[in-house]
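Structure at a glance
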Amino acid sequence: MGQDRGGASERIVIAGGGIAGLTLALALKQALGEAFEVVLADPGLAAQPRPDNRAYAVAAAARNMLEALGIWQKVATAAEAMTQMQITDSRMPDVVRPVFLTFDGEADPGQPFAHMVENGALIAALLQAAKAAGVALRPEGVRSGSSADGGPMEIVFAGGEAMPAALLVAADGARSKLREQAGIGWVGWSYPQSGIVATIGHERPHGGLAVEHFLPSGPFAMLPLRDGGRLGHRSSIVWTERSENVAALLSLDASDLLGEIERRFGLQLGEIALESRVSAHPLSFGIARRFVGERLALLGDAAHVIHPIAGQGLNLGLKDVAALAEAIVDAARLGLDPGGAEVLDAYEKGRRFDTVAMGVVTDGLNRLFSNDSTPLRLVRDLGLGVVERLPGLKHLFIREAAGLSGQAPRLLRGEML
């Protein structure tokens, strides 16, 4: 049995050291202090960081939370504000890509609706802050967790050590073994698409402009990053391509692959160059039938996976963090069981509708835009044109994308727990 600092009722174990898991661990430890032991277990903690070409659009509400936790101050110098967004709809051979919709980048005056942040910088800042706050970091996975008759969760780590806890949080990804062990079903499907990700250097400044080209095979997004690299300026691309074409594309030599990227990227930013490796990731949709079990909560990709067409995957996971942290902290301060059914029910009710709604929207957008149907093209371009002419509706969409609509958990409003 592991060391029991104050008993199982004062211990929470998080399985998974990605952005969602680390953020939850930090939020709980900062709010509950020495009264609670927060354990984060992930075998990746023992590995050396590898070069990472991923970058995320951190929405305004998620940025509020990172500011409240003291993280944004550490990554702000590496973040790039989106000051404007343009949406086009065209075919690959089209010489001109007409812009059907533009968005001002401000959700509120002086508040960009999103910033682009590279994964490596965000993970490093969260890991450093978690260590400083006193989160117990274990460089191994969680093998299993079980609870009987309402008793504590008995957690067994990969090395064989067992430890009781009030709650186990499964933040172990879309193929969560802990979700499967709990018998929680999964509703989902694979898309016939993959997301190709890379960092692109270019000789002209992007000016904070994000561009999404809707092409028949899927959206090609150009997202602004902080200046740097060989050509002085950088953008992240998320290139959705039919999976059947991906192997051939990635087998091209560097100059030919860059040529394919240039066909989609365009020449408006001058010469371009690859600033990172190019990687491809199969795309899918999935939602767990339940987000909770007995003394178990699913977090982030373990609870839901959506298409990246709206750039909301990370933000959806950080909304989970804000809702679960608030439910746990409020219960603990009242002397209630932080892993009890009431706490977990509150978490599920707070996250279920928003998650399903975002999943339906992203799935629908992908099906609507990732095709070459002339009638559908006419309908969607008409719809984009209508939205372009209604500033109030555009502002509503921006606030929704920024995560600022509705009654959000305190952390997403920038308030400490």
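Structure's up top.
Below you will find a few notes about this structure. This is a predicted model, so every value here is computed, not measured.

Before going further, it helps to spend a moment on the side chain of Thr240. Mapped onto the secondary structure, Thr240 falls in strand S18 (residues 233-242). Residues within four places of Thr240 in sequence aside, it is in contact with Gln193, Ser194, Ser217, Gly218, Pro219, Leu283 and His307.

Let us look at unusual backbone geometry. The backbone phi angle of Arg295 is positive, close to 55 degrees, even though this residue is not glycine. Looking at the secondary structure, you find Arg295 in the loop between strand S21 (292-293) and strand S22 (296-298). We classify Arg295 as buried; its relative accessible area is 10%.

In spatial order, the strands read S3-S9-S4; together these three strands make up an open sheet with antiparallel pairing. The sheet is open, and its two borders are formed by strand S3 (55-59) and strand S4 (80-81), each paired with just one other strand. Note: S3 against strand S9 (residues 114-118), five bridges, orientation antiparallel. Pairing of Ala59 across the sheet is with Ala114, part of S9. Together, S3 and S9 form the strand contacts of helix H4 (residues 119-133), whose direction differs from that of S9 by roughly 85 degrees.

The next subject is the layout of surface pockets. Left-over empty space is what a probe sized like a water molecule reveals as it rolls over the atoms. Approximately 350 Å³ is the volume attributed to the second largest pocket. Lining the second largest pocket are 18 residues, and of these Gly350, Arg351, Gln407, Ala408 and Pro409 sit closest to its centre. For the lining of the second largest pocket, the elements supplying multiple residues, two or more each, are helix H8 (313-333) and helix H9 (341-369). At five residues, the largest contribution of residues to the lining of the second largest pocket is made by H9. Partitioned by chemical class, the residues of the lining of the second largest pocket number eight nonpolar, five polar and five charged.

The next subject is a nonpolar patch on the surface. Together, Leu382, Val386 and Leu390 make up a nonpolar patch on the protein surface, roughly 270 Å² of accessible area in all. Note that Leu382 resides in helix H10 (residues 374-388). Leu382 sits in the exposed class, given a relative accessible area of 60%.

Orientation of helix H1 (residues 19-32) relative to H8, taken along the N-to-C sense of each, is 25 degrees, at an axis distance of 9 Å. Put simply, H1 runs roughly parallel to H8. Considering the relative orientation of H1 and H8, their crossing is right-handed. Contacts from Ile19, Ala20, Thr23, Leu24, Ala27, Leu28, Ala31 and Leu32 of H1 reach H8 at Leu314, Gly317, Leu318, Val321, Leu324, Ala325, Ile328, Val329, Ala332 and Arg333. Class assignment for the residues of the contact of H1 with H8 results in 15 nonpolar, two polar and one charged.

What follows covers helix H11 (residues 391-402). A rise of 1.5 Å per residue sets the reference length of H11, with its twelve residues, at 16 Å; its end C-alpha atoms lie 16 Å apart and thus fit the reference within 8%. Three or more residues of H11 are buried, namely Lys394, Ile398 and Ala402. Around the axis of H11, the buried residues are gathered within 75 degrees of arc, so they sit on the same side. The first or second residue beyond H11 is Gly403, which carries a positive phi of 75 degrees.

Turning to the packing of aromatic side chains, a few remarks are in order. Across all of its chains, the model carries three aromatic pairs by this definition. Between the aromatic rings of Trp189 and Phe285, the centroid separation amounts to 4.6 Å while the plane-to-plane angle is 20 degrees, which identifies the pairing as stacked. Residue Trp189 is found in strand S15 (residues 186-202), and its partner Phe285 is found in strand S20 (residues 279-288); the two are separated by 96 residues along the sequence. Of the residues examined, Phe285 reaches a relative accessible area of 9% and is grouped as buried. Ring geometry for Phe214 versus Phe369: centroids 4.0 Å apart, planes at 20 degrees, classification stacked. Of this pair, Phe214 sits in strand S16 (residues 209-215) while Phe369 sits in helix H9, and the two are 155 residues apart along the sequence. Take Phe214 and Phe369: they sit in the same class, and that class is buried.

Cut-offs and rules
- Residues numbered from 1 in each chain as written.
- Predicted model: local features only at pLDDT ≥ 70, side-chain atom pairs only at ≥ 80, totals over all residues.
- Heavy atoms only, no water.
- Helix = DSSP H or I, 4+ residues; strand = E, 2+ residues; numbered from the N terminus.
- Contact = heavy atoms within 4.5 Å.
- Buried < 20%, exposed > 50% of the residue type's maximum accessible area, 1.4 Å probe, protein only.
- Pairing = 2+ DSSP bridges.
- Axes fitted to C-alpha atoms, helices over the stretch in contact; angles between N-to-C directions.
- 1 Å grid on protein atoms, 1.4 Å probe; cavity = no way out; pocket = protein on both sides within 12 Å on 5 of 7 lines; lining within 4 Å.
- Points joined across faces, edges and corners; volume = space filled by probe spheres on them.
- Nonpolar A, V, L, I, M, F, W, Y, C, P; charged D, E, K, R; others polar.
- Patch = residues over 30% accessible without salt bridge, like charges linked within 9 Å, V, L, I, M, F, W, Y side chains within 5 Å.
- Areas by Shrake-Rupley, 256 points an atom, 1.4 Å probe, with all protein chains shown as cover.
- Salt bridge = Lys/Arg side-chain N within 4 Å of Asp/Glu carboxyl O.
- Parallel < 35°, antiparallel > 145°, perpendicular 65-115°, else oblique.
- Left-handed = near helix turned anticlockwise from the far one by under 90°.
- Expected span 1.5 Å × (residues − 1).
- Arc of directions from axis to C-beta.
- Phe/Tyr/Trp six-rings, centres within 6.5 Å; stacked < 30°, edge-to-face > 60°.

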